Amino acid sequence: MKNSLIQKYNVPGPRYTSYPTVPYWDETDFSDEIWAETLKKSFQASNSSEGISLYIHLPFCESLCTFCGCNKRITKNHGVENPYIEAVLKEWTLYCKILGEKPTIKDIHLGGGTPTFFSTKNLEDLINGIFVHAKKAKDHEFSFEGHPNNTTHEHLQKLYDLGFRRVSFGVQDYSEKVQKAIHRLQPFHNVAKVTFWAREIGYTSIGHDIIFGLPFQEIEDVIDTIEKTKSLQPDRLAFYSYAHVPWIKGNGQRGFNDEDIPKDDKKRMLYETGKKLLYENGYHEIGMDHFALETDSLYDAFQSGTLHRNFMGYSSSKTQLMIGLGVSSISDSWYSFAQNVKNLEDYYQILEWNKLPVFRGHLLTNEDLIIRKHILNLMCQFETSWETKEGYFNEIPEVILQLKEMENDGLLIIKDNGIAVTEKGKPYVRNICMAFDLRLKRKAPETELFSMTI
């Protein structure tokens, strides 16, 4: 039965970092003026009460990891650092002029690329430059992604001194064969070293990112990776499904053959094996692909119902406004989305014109806002309700009909005015979200857009 479910539900589908998903943004009603209006509306409603979030995209990497679908620029020339920091700070200045008063920053996340490609001096200049025009919230939560091969003790200490208390390290898998296939040679002792350093310095949440479904990956590799992870006791874990999207230009995912990638039943077994081991070692599933120890703030947020998910991933609290800085970054005012240009040279040129480097966006309709809330509920709490007028939409009866089949398969329970995902259904939460995705239903993609759901 389990195998037939995998074959039934393993279809291309969104990861739902947003709703609507980026391929379904409607750009016809979007403009720079509308973006500025919704930005100010959200800022005025939330800055004094909850603050805002900043995502800063740092795109440079010294080498290409062939599993990665992120926007990045491969170079060993560290002369690119200063111009990029200056550009990001200029973009931030333009945003602050629109906002009109000093923002209170609740969250900062440095993502990439490889944030630790940058020197500690340049990272310090970046963060200090941000706070020329802003102030820190009392309960701020700053985080960054560290590459175990090039994160130094100095990086960890400097970012800690600047207010960072969360760090996540990309592990992927400890098998040398798998590492060679994805061009990410990274011995265990490098991960252990940076994890111990972070703990000694005082970081309160250390995360590891692990991927299942990588080329040549076997069950023994997942077991070995999680056994090694257990010895380091990270506070939280992302246990991601490898997203094979070789049609994305420049992502390097043609460095191995399709037949080298575990599929369907075998891939699901990798996940089930890993999940079982994580449970046995004290980790709790707190959202799609994410696990945490009971001592971590994400676990507390999941238990209390305050867990939130946006373009930065899962967080223990919600801010209505998230501004993305840097090339390809996406911003979210709750009422609209905006994405920066993806090409670095275009990013620099537009900033030279003293304009925000936004090239597309989407103004959310009332229907979008309702659907978005349901998908967030499912992603963060494994349940949702349409008991109130704010949660109801006209297509609910049709959605329920589709969900009934999933209920028959044991993936969820349909209640009077809502649904709850079962333990059996948690691996299929993307499929459950797709039942609510009205834009996807109304217009099926004509080309390959999404990775497989399982």
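Residues numbered from 1 in each chain as written. Predicted model: local features only at pLDDT ≥ 70, side-chain atom pairs only at ≥ 80, totals over all residues. Heavy atoms only, no water.

**Some remarks on the sheet that holds strand β18 (residues 412–415)**
Overall, antiparallel pairing links the three strands, which are arranged β17-β19-β18 in an open sheet. Each of the sheet's edge strands pairs with one partner strand only, and the pair in question is β17 (383–385) and β18. With strand direction ignored, the average angle separating the axes of adjacent strands in the sheet is 10°. Alignment of β18 against strand β19 (residues 418–421), held across four bridges, turns out to be antiparallel. Note on β19: the bridge partner recorded for leucine 412 is valine 421. (Pairing = 2+ DSSP bridges. Helix = DSSP H or I, 4+ residues; strand = E, 2+ residues; numbered from the N terminus. Axes fitted to C-alpha atoms, helices over the stretch in contact; angles between N-to-C directions.)

**What to know about the domain arrangement of the chain**
Many authors give the size of an interface as the accessible area that is lost as the parts come together. Assigned domains within the chain: domain 1 (13–345 + 355–360) and domain 2 (365–442). A C-alpha centroid distance of 27 Å is found between domain 1 and domain 2. Regarding the contact of domain 1 and domain 2, the summed buried area is about 2,300 Å², with carbon and sulfur atoms giving 60% of it. In terms of surface lost to domain 2, no three residues of domain 1 exceed Tyr16, Tyr19 and Trp334, which account for 34% of the buried area on that side. Residue aspartate 332 pairs with arginine 372 through a salt bridge whose shortest N-O separation is 2.3 Å. Connecting domain 1 to domain 2 are nine residue pairs in polar contact (both at pLDDT 80 or more). Of all the secondary structure elements, the ones that give two or more residues to the side of domain 1 that touches domain 2 are α9 (264–280), β9 (284–287), α10 (297–304) and β11 (308–310). Counting residues per element, the side of domain 1 that touches domain 2 draws most heavily on α9, which supplies five residues. (Domains from an automatic or database assignment. Buried area = accessible area lost by both parts, 1.4 Å probe. Salt bridge = Lys/Arg side-chain N within 4 Å of Asp/Glu carboxyl O. Polar contact = N/O pair within 3.5 Å; in protein donor to acceptor, adjacent residues only side chain to side chain.)

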